[in-house]
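Survey of secondary and tertiary structure
So you can see what is in the structure, the chains are spelled out below.
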Amino acid sequence: MPARDPLSAITEAFTSLLFGRAETTRLPVRTSTGQAQAVYLPTAAPGLGDSGVIIGREVYSGKGYIYDPFQLYGQQLPAPHWLVLGESGNGKSALEKTYVLRQLRFRDRQIVVLDAQGEDGVGEWNLIAQELGITPIRLDPMAALDDNVRLNPLDPAITTTGQLALLRTIIEVALGRPLDERSGFALKVAHAAVNRTTTGRQPVLTDIVERLRHPHSESADAMNVDVEDVRAWGLDVALVLDRLVDGDLRGMFDGPTTVGIDLDAPLIVFDLSHIDRNSIAMPILMAIVGVWLEHTWIRPDRKKRIFLVEEAWHIINSPSVAQLFQRLLKFGRRLGLSFVAVVHHLSDVVDGAAAKEAAAILKMASTRTVYAQKSDEARATGQVLGLPRWAVEIIPTLTPGMAVWDVNGNVQVVKHLVTEAERPLVFTDRAMTESAPLPAHEAEAPPGRRALEAAGDPEDPFDAETEARVMSFEKRQGVL
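So, a few notes on the structure that sits alongside this text. Keep in mind that what you see is a predicted model, and the values were worked out from it rather than measured.

1. Quick notes on the overall build of the chain
Counting its secondary structure elements, the chain contains 24 helices and 13 strands. Taken across its 480 residues, the chain has 49% of its residues classed as buried. Within the chain, contacts between residues at least 6 apart in sequence are counted, and of these 73% link residues at least 24 apart.

So this is what it looks like as structure tokens:
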């Protein structure tokens, strides 16, 4: 045994005298990461509570993820409005439909859906409507010629101010520019004259067109101008409205509102699937439906209402329509209205002509759900919505059914779950996934089953590869 250094011996003796005998060095213990992870307690962000409708499971904790804007409104959620983003085929439609079905379990809920997608010649909400015994309100220019559904922009249920604002919006959307002062004056006096002289029936758009073509002399006298001047100022307005009366949009808005539309039903579906989504007709339709609902559907009766709009870029990307809906959102919040806007890409709305109005609407959406997007789009989305970096990096890797949820800053990765009873109703890609004829042993399977099997099990909490990427990102960002 080698001789000890005298100085070391003295130091050790002095240390032992003051602090007691020195602890001996222990041999290292070899273990696996699976065993050692018990040393570090798992952590996860807090959930949103246990009151509301279940959406699915949080990826990190495995807890049920429950969301309800009416229950959270107040301290946790400053506004009940919700924005859903993501490319096609990642589960937006399934989320919307299961959310509506689960909300309808509450007796004080009422929901309106603007169904702009189509499948098998009808809107994709048709199956749900049939299951609930509800007839969709199908707006179709060709069917309307056979005395089908009409919505009257001049319905007496809408205030005079609301009627005039709606007429201006229709014209501005069609023209692609704001009305000038002279055209606005011609429209105002024509509208006032129609309301003053029409008795015994609802005023209709034909009356407005006729009055624009043949203004009364008192309309000109009020401004000390010639009648011919007023007629010239209203010419462009008359041509636009004539399109709703005798053009490609005729039959839907040029008569009294159809009797029998049940505005007290728990679910109201406006089927817009027969309208060309890329035409000017779609934003005009959404403006008319939105204002008509504002004045006929939203009432101070303590019901909680949800207004779900697919292809919402038709609203947010048009300055005039966006302004109408912006007012609706502010007004509806006081009366228990949750607006749900579904779009594919945020660039569809923030880079458009209505960037200012879009920013205001996005600001009112305190809940944002983002499904898979390409990396560039995910970065742009994250920048606009203020998402944390780890969430932006995860978005391109998400598998169908998984989404990043941001509820007023509470950011989670959530796997949406679909029940057996909901499966046949919520999947709308049968044309792409099913082939005919079906083999006999598969013919007994519920509708949509084969589409689900092709997409994977929707009740699997999360995809293993995605989970690994998510956990890796979280650890690198210091979340875990």
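2. Quick notes on the side chain of Arg211
On the secondary structure map, Arg211 appears in helix H9 (residues 205-213). One buried charged side chain, Arg211, makes no salt bridge at all; its nearest oppositely charged neighbour is Glu210, positioned 6.4 Å away. There is a polar contact of 2.9 Å between the side chain of Arg211 and the side chain of His216. Among all residues touching Arg211, those that are not within four sequence positions of it are Ala190, Ala193, Val194 and His216.

3. A short note on the pattern of salt bridges
Applying the stated criterion across every chain, the model contains 19 salt bridges. One salt bridge in this structure joins Arg201 and Asp207, with 3.0 Å as the shortest N-O distance. Of the charged contacts, one joins Asp406 and Arg368 as a salt bridge, the two residues approaching to 3.0 Å between their closest N and O atoms. Highlighted residues: Asp406 in strand S12 (residues 402-407) and Arg368 in strand S11 (residues 365-370), separated in sequence by 38 residues. With relative accessibility at 13%, the residue Arg368 sits in the buried group. Through salt bridges with shared partners, one network takes in Asp68, Asp108 and Arg109.

4. Examining the sheet that holds strand S1 (residues 53-58)
Here we have 11 strands laid out as an open sheet, ordered S2-S1-S13-S12-S11-S3-S10-S9-S4-S8-S7, and mixed in their pairing. Across the chains shown, the open sheet's two edge strands, defined by having one partner strand only, are strand S2 (64-67) and strand S7 (137-138). Direction of pairing for S1 relative to S2: antiparallel, over a ladder of four bridges. In the strand pairing of S2, Arg57 is matched with Gly64. Together, strand S3 (81-85), strand S9 (304-309) and strand S10 (337-343) form the strand contacts of helix H15 (residues 319-333), whose direction differs from that of S10 by roughly 145°.

5. Notes on the environment of Leu77
Tracing the backbone shows Leu77 in the loop between helix H3 (69-72) and S3. Accessibility expressed as a relative area gives 0% for Leu77, which makes it buried. On a C-alpha basis, the gap between Leu77 and Ala365 in space is 9.7 Å, while along the polypeptide they are 288 residues apart. Beyond its immediate chain neighbours, meaning those up to four positions away, Leu77 contacts Tyr67, Pro69, Leu72, Ser366, Thr367, Val407 and Asn408.

6. A short note on the packing of aromatic side chains
Taken as a whole, this structure holds 13 aromatic pairs when the rule is applied. Ring centres of Trp82 and Trp405 lie 5.3 Å apart, and the angle between their planes is 35°; on these two criteria the pair is classed as tilted. Residue Trp82 is found in strand S3, and its partner Trp405 is found in strand S12; the two are separated by 323 residues along the sequence. By relative accessible area, which is 3% here, Trp82 ends up buried. Put simply, the rings of Tyr65, Tyr67, Trp82, Tyr99 and Trp405 touch in pairs and so form one group of aromatic residues. Above the face of the Phe106 ring, Arg109 is positioned so that its terminal group lies 4.6 Å from the ring centre. Here the basic side chain of Arg305 rests over the ring of Trp297, its NZ or CZ set 5.6 Å away from the ring centre.

Cut-offs applied
Residues numbered from 1 in each chain as written. Predicted model: local features only at pLDDT ≥ 70, side-chain atom pairs only at ≥ 80, totals over all residues. Heavy atoms only, no water. Helix = DSSP H or I, 4+ residues; strand = E, 2+ residues; numbered from the N terminus. Buried < 20%, exposed > 50% of the residue type's maximum accessible area, 1.4 Å probe, protein only. Contact = heavy atoms within 4.5 Å. Lys, Arg positive; Asp, Glu negative; His and termini not counted. Salt bridge = Lys/Arg side-chain N within 4 Å of Asp/Glu carboxyl O. Polar contact = N/O pair within 3.5 Å; in protein donor to acceptor, adjacent residues only side chain to side chain. Pairing = 2+ DSSP bridges. Axes fitted to C-alpha atoms, helices over the stretch in contact; angles between N-to-C directions. Phe/Tyr/Trp six-rings, centres within 6.5 Å; stacked < 30°, edge-to-face > 60°. Lys NZ or Arg CZ within 6 Å of the ring centre and 35° of its normal.

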